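# Notes for the structure review
Listed here are the chains, written in short residue letters.
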Amino acid sequence: MKKKMFTTVLASAIAIPAVVVPVSADTVFTDISPMSEYAEAVQFLSAEKLITGYSDHTFRPEQSISRQHVISIINNAVDLTPIREAKAFSDVPTNHPYSEAIQKAYRAGIIDGYEDSTFKPDQAITRAQAAKVMALAFKLQPGEKVTFQDVAKNHWSMPYIQAFASSGVTTTGLFHPNDQLTRGHYALFLYRLISSEEAVMPNYSGNWSGTLDIPQSPLNIQLHLSEDGTGTFSVPAQALKNHPIKSVTQKGNKLRVEINLPGAPIVIEGTVEQEKISATFSQSGMELPITLTPFVPEEVEVTYDELVIPVTGGELKVALQMPTEQSAPVPVGIIIAGSGPTTKDGNTAIGENNSYKMLAEELAEKGIATIRYDKRGIGENTALVAKEEDLVFDLYAQDVESIVKAINADPRFSTVHVIGHSEGSLVGMVAATSTKVDSVISLAGAGRPVDDILIEQLTPQLSEELLKASKNILAVLKKGDKVETVPESLYSLFRPSVQPYMISWLQYDPSEILKSLDVETLIIQGKNDVQVKVSDAERLSAAKPSAKLQYFDTMNHVLKDSPTDLAGNMATYTNPTLPLAEGLVDSISSFILKK
């Protein structure tokens, strides 16, 4: 029933009484003063678009209300479940403006009409008739036997009027059953029904899921609201799991959820409807519509050990995948994720592909341990970035250095290898300039500075004017200076809070960093990669001729074999069942184990 739209949203979940939050007594109707007994009810119902006034801005509370208008409003307030077939009323033709509402009410059993097969839609409804319609629509039950001086015990309306009294909709004494119901009293009855405990609908505690329609990369989000008044927020594709919700507030059928995500607070605000929440998702100046519906979370089997490693600013949570059989110290590879919100499993906002998870599990079968992790500011390590502007590229490299330090102090491991994917390739190389590792493995690693790559990617997407603006912004950032004014169309890419990271990232040329390293190197590149080119691998190889260079003819950027067409290639980004490119794990394991 729709009535739960107007009762306390998630009442038991936030542990407050199931009542409608009082609204302002100021009204939009000239004949409803703030001191009127109808003010609060009329204001609330008007705000919910359940009732309207007249063109002269009056409400006319003392005027009677017709049967058709009562039924129309009930249809908007309550989901009526049909229990019988429709019936034709001789005075309600199919083209009647309230025909559909009247038929729904009849099929739900809340009206019957008259014996002469009429409904008399324009006739004023009596208080007794209204009690029946509303008690049946809101499924009210009689409580204690209540005596009304003007309602005989055997009167047909007595059960409904008693249900009204038991629900606090009316007071005892006189009910005036045969009087015409006024618009003002109908508003009071409806408001009291909506805000009464009897109108509370099924518990809204539980799990809610919805998808943000982000162009080219839809993103699923999840809310969990529990009975003890707590809540959590999750983004599976970004490995953000069970992040505490700051607050849940409700006013009528309006819900507001605030999530204090470090660096980018989120507000989800909307309307509770039947089995769904229609809302707006707001973050960093961006607003997107979202519809949340109930869902059952999948249970994910954890096959790794969880470790905590001290890093700058806190602790880094990592996943240690050990070989199933270990009789002596084993080599360990540090899998470093690519750019953006890429999780320890290799998944992104685009979807799940589980490439890093597969790589870790298959290397374990070869006798090689791995450590993989959500980058700081993402997933389990979200708290390591308090503000987006605090994040710089070097922090990623320092995290790898901290992991290497922890590995060197652990007797279970023999050698340490960095396995960097995409941007993670550069992160691993920079870390290797400051800490000793036994080898560097570059998976789809760029061979050029990031500004060259960005311009290449933006050229087919932007107008000439925006492309020129992008080049100018990158030139300023590369000098180490911030850009104060960013065109709105480029804001998501060059917003002020991300500029410190861009400035630090632009200082590095991957080929120059690799050239400076005195460490064994394996460069792996897929020829079907649409994000990093074969020319990038060639540039890295030219910078370090001693490196082993290996191509995989059909491998793409997410380390899966893919077709050459773009649509087929991109489909692999969201298919976690596809295996890794054939021969990839053998190539990496042979290099590490020196077979």
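Here is what the cut-offs are and how they apply
Residues numbered from 1 in each chain as written. Predicted model: local features only at pLDDT ≥ 70, side-chain atom pairs only at ≥ 80, totals over all residues. Heavy atoms only, no water. Pairing = 2+ DSSP bridges. Helix = DSSP H or I, 4+ residues; strand = E, 2+ residues; numbered from the N terminus. Axes fitted to C-alpha atoms, helices over the stretch in contact; angles between N-to-C directions. Patch = residues over 30% accessible without salt bridge, like charges linked within 9 Å, V, L, I, M, F, W, Y side chains within 5 Å. Areas by Shrake-Rupley, 256 points an atom, 1.4 Å probe, with all protein chains shown as cover. Salt bridge = Lys/Arg side-chain N within 4 Å of Asp/Glu carboxyl O. Buried < 20%, exposed > 50% of the residue type's maximum accessible area, 1.4 Å probe, protein only. Right-handed = clockwise from strand over helix to strand, strands pointing away. Contact = heavy atoms within 4.5 Å.

Further remarks concern the sheet that holds strand E14 (residues 413–421). By definition, the strands of a sheet pair up through backbone hydrogen bonds, in either a parallel or an antiparallel sense. Pairing in this open sheet of eight strands is mixed, and the strands run E10-E11-E13-E12-E14-E15-E16-E17 from one edge to the other. Each edge of the sheet is formed by a strand with only one pairing partner; in this case those strands are strand E10 (305–311) and strand E17 (548–552). Averaged over neighbouring strand pairs, the angle between their axes works out to 25 degrees when direction is ignored. The sheet contact formed by E14 and strand E15 (residues 439–443) spans five bridges and is parallel. Note on E15: the bridge partner recorded for Ile419 is Ile441.

There is a patch of nonpolar side chains on the surface, built from Ile350, Val530, Leu566 and Met570 and spanning about 300 Å² of accessible area. The residue Ile350 is located in the loop between strand E12 (330–336) and helix H7 (355–365) in this model. The exposure class assigned to Ile350 is partly exposed, which follows from its relative accessible area of 31%.

Along any regular strand the residues' side chains alternate between the sheet's two faces. Taken across its seven residues, E12 has seven buried, putting it largely inside the fold. Relative to E14, E12 runs parallel, the two sharing six bridges. Residue Gly333 lies in a different strand from E14, and its bridge partner there is His417. Where E12 meets strand E13 (residues 369–373), four bridges bridge the pair, whose relative direction is parallel. Bridged to Ile335 within E13 is Arg372. Crossover handedness for the path E12 to H7 to E13: right-handed.

We now examine unusual backbone geometry. Even without being a glycine, Asn354 presents a positive backbone phi close to 60 degrees. Look at Asn354 and you get buried, because its relative accessible area is 16%.

Next up on the list: H7. Three or more residues of H7 are buried, namely Ser355, Tyr356, Met358, Leu359, Ala360, Leu363 and Ala364. Against the buried residues of H7 lie strand E11 (314–321), E12, E13, E14, E15 and helix H17 (584–593).

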